[in-house]
Amino acid sequence: MKRLIALAISLAAIMVACDDSTQYKISGKITNAEGQYVYLDELKVSSSENVDSVKINKSGEFEFDGTVQHPTFFLLKLSEKNFITLLVDSAEQVYVSGDAANFSRDYLVTGSEGSTLVQELNQHLSHTKHQLDSISSLHVLFRNDPNYPTLKTKWEEEYKEVVEKQMKYSQNFVTTHPFSMANVLALYQKFDDQNFVVQDLQSLKTAASALNSFYPESEHVQALYANTIKLITDERNARINQLIREQGKNSPDIVLPDPDGKEIALSSLEGKHVLVQFWASQDRGSRIMNPVLVELYKKYNKKGFEIYQVSVDENRYEWLDAIDQDKLSWINVGDMEGSRTALMNYNVQSIPFNYLLDEEGKIIGKDLKGPALDRLLSKALN
């Protein structure tokens, strides 16, 4: 019995020790703030939430403790305008010191790598903004100077150099610290209300992917990842819209195998009007569209109309069965892995979806249903 009690006590001690190992502690000393309150707020994606507050003692000292499951952003505040940002991980013993008069601008932080990186990012950008403001003020001061046109060109070049230097620094920061949550701050820093410091989508993709693999439960990482996916989609949409505006002169080629395993290139059909149709054997909308295409194919095939149908199927038997059932006599291709490259290159967001190309491979229509496709083919081929 005594052994069981001893074992229970030992297990309890281990559990307590484990609990302590996940606790953070934020302590420090702020001079000229004795008797004031210091507040700890958790920084959310679009707001902040108060976690705790303590009264600074006569020696200027304070202390907070708590638990976090992953690196978490906190605001340590003396007031709404006098605060610093910390990035605290579990078990970190963070120590902050500074003076109340200039706390937000000049403080020391130890015991937290993330908080040190956050301070480095903020101080570097603050220095850059100060340089940019100084250059901008020269334009106002010397606006009426006879040499202003020459000076203006010089200062614009200097301004551009400062901006590029900051952008290079931030991009290098993201590359150097791929798995640090401080990257979230780096990626959302701005020169002003509209212009982000990091404008390189590749940096954003790299950081979002790395952080999502380490901290998928973090709401900051979730927001960053979702935003990155949206930007990638927007960029792709812009690319395909530009392609269409330019009449699709350089419409992406597709090379995929047909049911016999023979690779057929879309570009091999130049000289004909080609409908590039994306579909799936198990998609109801695709199957409803097929009989319409069969009729149009019979009507216009001998006049120079061809269909290049790209399957997004992953089951070869279902694909072949659908081709047979729907009596599809035109070119059908698919890699049975979703034909993802073709989908991406043509920015296909849903199926069925299509593009109509003219004899030179230029896109002259997209997402055409029965009557609209019939009218366009009639106009082009008659």
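These remarks concern the structure in this document. (Residues numbered from 1 in each chain as written. Predicted model: local features only at pLDDT ≥ 70, side-chain atom pairs only at ≥ 80, totals over all residues. Heavy atoms only, no water.)

Another point: the overall build of the protein chain. What the protein chain contains, in helices and strands, is ten helices and 15 strands. Relative to the 2.2 N^0.38 estimate, which gives 21 Å for 382 residues, the radius of gyration of the protein chain is 31 Å and therefore markedly larger than a compact globule would have. Counting only C-alpha atoms and orienting by the principal axes, one finds that the protein chain spans roughly 95 × 95 × 30 Å. Of the contacts formed within the protein chain by residues at least 6 apart in sequence, a portion of 62% connects residues at least 24 apart. In the form shown here, the protein chain has an accessible surface area of approximately 21500 Å², with 51% of it arising from carbon and sulfur atoms. Within the protein chain, one finds 40 positive and 53 negative side-chain charges whose respective centroids are separated by 5 Å. (Helix = DSSP H or I, 4+ residues; strand = E, 2+ residues; numbered from the N terminus. Rg over C-alpha atoms; globule rule 2.2 N^0.38 Å. Contact = heavy atoms within 4.5 Å. Areas by Shrake-Rupley, 256 points an atom, 1.4 Å probe, with all protein chains shown as cover. Lys, Arg positive; Asp, Glu negative; His and termini not counted. Charge placed at Lys NZ, Arg CZ, Asp CG, Glu CD.)

Axis separation between helix α7 (residues 284-300) and helix α10 (residues 370-381) bottoms out at 11 Å; the angle between their running directions is 15°. When the interaxial angle is binned, α7 and α10 end up roughly parallel. Crossing angle aside, the handedness with which α7 passes α10 is right-handed. Here M289, V292, L293, L296, K299 and Y300 of α7 lie close against α10, whose contacting residues are G370, L373, D374, L377, S378 and L381. Here the contact of α7 with α10 is composed, by residue class, of eight nonpolar, two polar and two charged. (Axes fitted to C-alpha atoms, helices over the stretch in contact; angles between N-to-C directions. Parallel < 35°, antiparallel > 145°, perpendicular 65-115°, else oblique. Left-handed = near helix turned anticlockwise from the far one by under 90°. Nonpolar A, V, L, I, M, F, W, Y, C, P; charged D, E, K, R; others polar.)

One can describe the packing of helix α2 (residues 113-141) onto helix α3 (residues 148-176) by two numbers: an axis separation of 9 Å at closest approach and a directional angle of 170°. If you check the angle between α2 and α3, you find them roughly antiparallel. From α2, L117, E120, L121, H124, L125, T128, Q131, L132, I135, S136, L138 and H139 reach across to α3, where they touch Y148, K152, W155, E156, E158, Y159, V162, V163, Q166, Y169 and F173. The residue inventory of the contact of α2 with α3, partitioned by class, reads 13 nonpolar, six polar and four charged.

This is a description of form; function is not addressed.
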